[in-house]
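# Close look at the chain arrangement
Read off the chains here:
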Amino acid sequence: MTSENEDYIYDEASGEWRPASELAERAAAQTEVHDASGNLLADGDSVVLIKDLKVKGAGQTLKQGTVIRSIRLTDNPEEIDCRHDAIKGLVLRTEFVRKR
């Protein structure tokens, strides 16, 4: 139930004006990021690659079992920002990693 004094925000997805609290709850639920096994990921977690990945533009292959430390979540729940010793600005899809 919403009060009369609550702020409303235009929801482009539905084309309707929605209470701000409702959209905030929906956004919080959508920002959960899961690895290939379904484990919840968070900023700073370490992950392990579950398959060999060819890195475009780097001419390298990251081998299965490679540990990636200090991941950062992105706006896209299917991608994470990573740092690797040999590759700067690495973005991995969550379907290829498992939480360590």
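Quick caveat: nothing in here was measured; it's all calculated off a predicted structure.

### Thoughts on the pairing of strand β2 (residues 16-19)
In the sheet, strand β1 (residues 8-11) pairs with β2 via four bridges, with the strands oriented antiparallel. Following the sheet pairing, aspartate 11 is matched in β2 by glutamate 16. In textbook terms, the turn of a hairpin is the stretch between consecutive antiparallel strands, and for β1 and β2 this stretch comprises four residues, one of which, glycine 15, has a positive phi near 75°.

### Thoughts on a nonpolar patch on the surface
Taken together, Tyr8, Tyr10 and Trp17 make up a surface patch of nonpolar side chains, about 380 Å² in accessible area. Topologically, tyrosine 8 is positioned in strand β1. A relative accessible area of 40% places tyrosine 8 in the partly exposed class.

What counts and how
Residues numbered from 1 in each chain as written. Predicted model: local features only at pLDDT ≥ 70, side-chain atom pairs only at ≥ 80, totals over all residues. Heavy atoms only, no water. Pairing = 2+ DSSP bridges. Helix = DSSP H or I, 4+ residues; strand = E, 2+ residues; numbered from the N terminus. Patch = residues over 30% accessible without salt bridge, like charges linked within 9 Å, V, L, I, M, F, W, Y side chains within 5 Å. Areas by Shrake-Rupley, 256 points an atom, 1.4 Å probe, with all protein chains shown as cover. Salt bridge = Lys/Arg side-chain N within 4 Å of Asp/Glu carboxyl O. Buried < 20%, exposed > 50% of the residue type's maximum accessible area, 1.4 Å probe, protein only.

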